[in-house]
Amino acid sequence: MAREQLGVLNALDAAKTQWYHFTAIVIAGMGFFTDAYDLFCISLVTKLLGRIYYHVENAPKPGTLPPNVAAAVNGVAFVGTLTGQLFFGWLGDKMGRKKVYGITLLLMFVCSIASGLSFGSSPKGVVATLCFFRFWLGFGIGGDYPLSATIMSEYANKKTRGAFIAAVFAMQGFGILGGGIVALIISACFDHAFKAPAYSVNAAASTVPQADYVWRIILMFGAVPAALTYYWRMKMPETARYTALIAKNAKQAAADMSKVLNVDLVAEEDKVIKMAGNQANSFGLFSREFLKRHGLHLLGTTSTWFLLDIAFYSQNLFQKDIFTAIGWIPPAASMNAIHEVYKIARAQTLIALCSTVPGYWFTVAFIDIMGRFAIQLMGFFFMTVFMFALAIPYHHWTLKPNRIGFVIMYSLTFFFANFGPNATTFVVPAEIFPARLRSTCHGISAAAGKAGAIVGAFGFLYAAQSRDPAKIDAGYPPGIGIRYSLIMLGVINFFGMLFTFLVPESKGKSLEELTGENEDEGGETELQTGSTRTVPV
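Residues numbered from 1 in each chain as written. Predicted model: local features only at pLDDT ≥ 70, side-chain atom pairs only at ≥ 80, totals over all residues. Heavy atoms only, no water.

A. Fine view of empty space enclosed by the protein. Summed over the entire model, instances satisfying the criterion amount to 5 cavities of 30 Å³ or more. In terms of lining residues, the largest cavity is bounded by Lys-98, Tyr-101, Ile-151, Tyr-155, Arg-233, Met-236, Pro-237, Glu-238 and Thr-239. For the lining of the largest cavity, the secondary structure elements donating two or more residues are α5 (97-116) and α6 (123-155). (1 Å grid on protein atoms, 1.4 Å probe; cavity = no way out; pocket = protein on both sides within 12 Å on 5 of 7 lines; lining within 4 Å. Points joined across faces, edges and corners; volume = space filled by probe spheres on them. Helix = DSSP H or I, 4+ residues; strand = E, 2+ residues; numbered from the N terminus.)

B. Fine view of the packing of aromatic side chains. Enumeration according to the criterion identifies 36 aromatic pairs in this entry. Plain terms: the ring middles of Phe-373 and Phe-501 are 5.5 Å apart, the flat faces sit at 70° to each other, and that makes the pair edge-to-face. Of the two residues, Phe-373 sits in helix α16 (residues 372-391) while Phe-501 sits in the loop between α21 (481-499) and α22 (511-515), which places them 128 residues apart along the sequence. Classification of Phe-501 as partly exposed rests on a relative accessible area of 44%. It is Arg-436 that lies over the ring of Phe-283; its NZ or CZ is 4.6 Å from the centre. Positioned above the aromatic ring of Tyr-484 is the side chain of Arg-483, whose terminal nitrogen or guanidinium carbon lies 5.2 Å from the ring centre. (Phe/Tyr/Trp six-rings, centres within 6.5 Å; stacked < 30°, edge-to-face > 60°. Buried < 20%, exposed > 50% of the residue type's maximum accessible area, 1.4 Å probe, protein only. Lys NZ or Arg CZ within 6 Å of the ring centre and 35° of its normal.)

C. Region of the structure containing the side chain of Thr-243. Among the structural elements, Thr-243 can be located in helix α10 (residues 240-246). The exposure class of Thr-243 is buried, given its relative accessible area of 5%. A distance of 3.0 Å separates a polar side-chain atom of Thr-243 from the backbone oxygen of Thr-239. Setting aside residues up to four positions removed in sequence, Thr-243 forms contacts with Glu-238, Lys-248, Asn-249, Gln-252 and Ala-253. (Polar contact = N/O pair within 3.5 Å; in protein donor to acceptor, adjacent residues only side chain to side chain. Contact = heavy atoms within 4.5 Å.)

D. The arrangement of the pattern of salt bridges in detail. The tally for this structure, following the rule as stated, stands at 14 salt bridges. Close ionic contact of Arg-97 with Asp-93 constitutes a salt bridge, the shortest N to O distance being 2.7 Å. Of the two residues, Arg-97 and Asp-93, both sit in the buried class. (Salt bridge = Lys/Arg side-chain N within 4 Å of Asp/Glu carboxyl O.)

E. Region of the structure containing the confidence of the model for the chain. With 92% of its residues at a pLDDT of 70 or more, the chain has an overall mean of 86. Looking at the elements of the chain, mean pLDDT is at its lowest for helix α23 (residues 526-529), recorded as 52, and at its highest for helix α19 (residues 421-427), recorded as 95. Confidence drops under a pLDDT of 50 for residues 529-537, and excluding neighbours within four residues, the segment shows 17 contacts in the predicted structure. (pLDDT = per-residue confidence, 0-100.)

Right under this line is the structure:
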C-alpha cells in the first residue's frame, strides 16, 4: 500500500513547466551536445589522418589508417565512455549527482584541447597520444550519460518527464550537426586558402602541410561548449530526491526546492526517517530483492541499448564508407586531402539535418503521448524494415539513377533510430530504478550500449570490406561486404524489437510510484503488480 508522498517530491511531480525546467535542459543538454560532437567528429577526420600520416609513395590511392590504427582511433573513446559510465554512475549514487557533474565536464574540456595538441615524432607517436587523450575524453563523456539523465528525471514533473529527459538527449543531434558544420567551415576555409591538386594529379602536393591543422582544430572545438556550461553546472542545486531519499536531509531538500520552485516547502524529517527505515528502501544492487523487483527491467534496458548501439554507431561512424561505395562521395584519388574532409562533412551534415535532428525532436514531442514502449518498438521495427529494404536489393541502390533513393532510405533508418530506441533507451533507465541505485543502473545500461558501439565500430570496419580482394582497403582481410553487413544490422534490430518486451512503460507515474520507494512494508511497486502496462493502451 502506498504511503503519502514527501511534500517536496509532490511539489516537483505536480509543478507546471517553468523556467527552471528549461534551464536544466540547456545545462544538461549542452553536455550532450559536447558528448556527441566529441564522439562523432573523429569520423570526419580519419581519412585525413590516413593521408597525412600513412601516405605511401606512388600508391594509386591515398594513404589510409591501417586496420588496427583505425579501430583504435574510432574505438578508444568508446572504451573510455564505457568505463566512465560505470564509474561515474556508481559515484553519482555515492557522492551525489551535483558533486560529480562538474568533474565530467572539466575532463571533457581538458581532453578536447589535449586531443588536438597530440604530438609525436612519428605517425605512431601522434596516434598513440591522440588515443590516450581520447580515452580520457570518453571517460568524462561516459559520466555525463547517467548523471544528466538522473538529474533531469529527478527535476522533472511526472506529466512531461519523458519529454524533458528526451530533450536533453536530443541535444546529441545538434552535437552531430555542429561537428559537421564546424568541419565544413574549417575545411572550406583551408581549401580556399591553400590550393592543392587532386591526388591523381599530384599525390604529394594533394596534402598540403597546413592540412595537419584542420583535424586538430575540429577536435579542439569540442572544448568550447564544455567551457560555456561549466559555471552553470556548478550553480545547480543537488536534486531533492538525492538529498531527501539518499542523504536523508529533508531540511536541505526543502530549502533547495523552495528556491527552485519559488514556493514555501516544509521539511518533513519524520517521513524521511520512516522511509529510510523501510526494508524495501535498503536492498542493494546485488541482492535477491533487486533481482526479484528489477532484474528483468535491467536485462531489458541493457540488452536493448546494446543491440541498438551496434546498429546505430556502425551506421554513424561509417556513413562515409557507405556514401563512397554508392558514389555519393567521389573516389578519394579525385580530391585533395582537405576537399575530402569537406565532402564527408557535407554528406554527414545533410543526414543530420534531414533525419537525425528531426528524429530526436519527434521523440520529445510524442514520448508523453505515445509512451516509451510504443516509440521504442516502432523504432526498432522500422529500422529492421529499412535495413532489409536497403540490403536485399543492394545492387539496385548502387546504380547511379537510384543513389538519391538510397540516401533517403538510409536517412529514414536514422530518423526511426532517433524517433525510437536511441532516445527511449536513454530515458527509461532514469525512471524505473530506485533513487539510491538510479545513477548506477543507468550507467550499467549505458555501458552495455557502449559495448554495442564497440562491437559496431570494430566489427563493421572488417565486415564492410568487399569480398573481392582487389577492392578492399590496405591491410584489411576480405569481409562480407556492405550488403551482408546491412542484413546483419537488420537482424540485430529485429532482436532489439523482441527484447523491448522486457522494458516496462513508465509514462505518467511518479518515480516513487514506479520504484515502490513510498510503499509500506511488504507493499509492491507499480512495476511488480503490473498496473504499469508493458503494452500501451
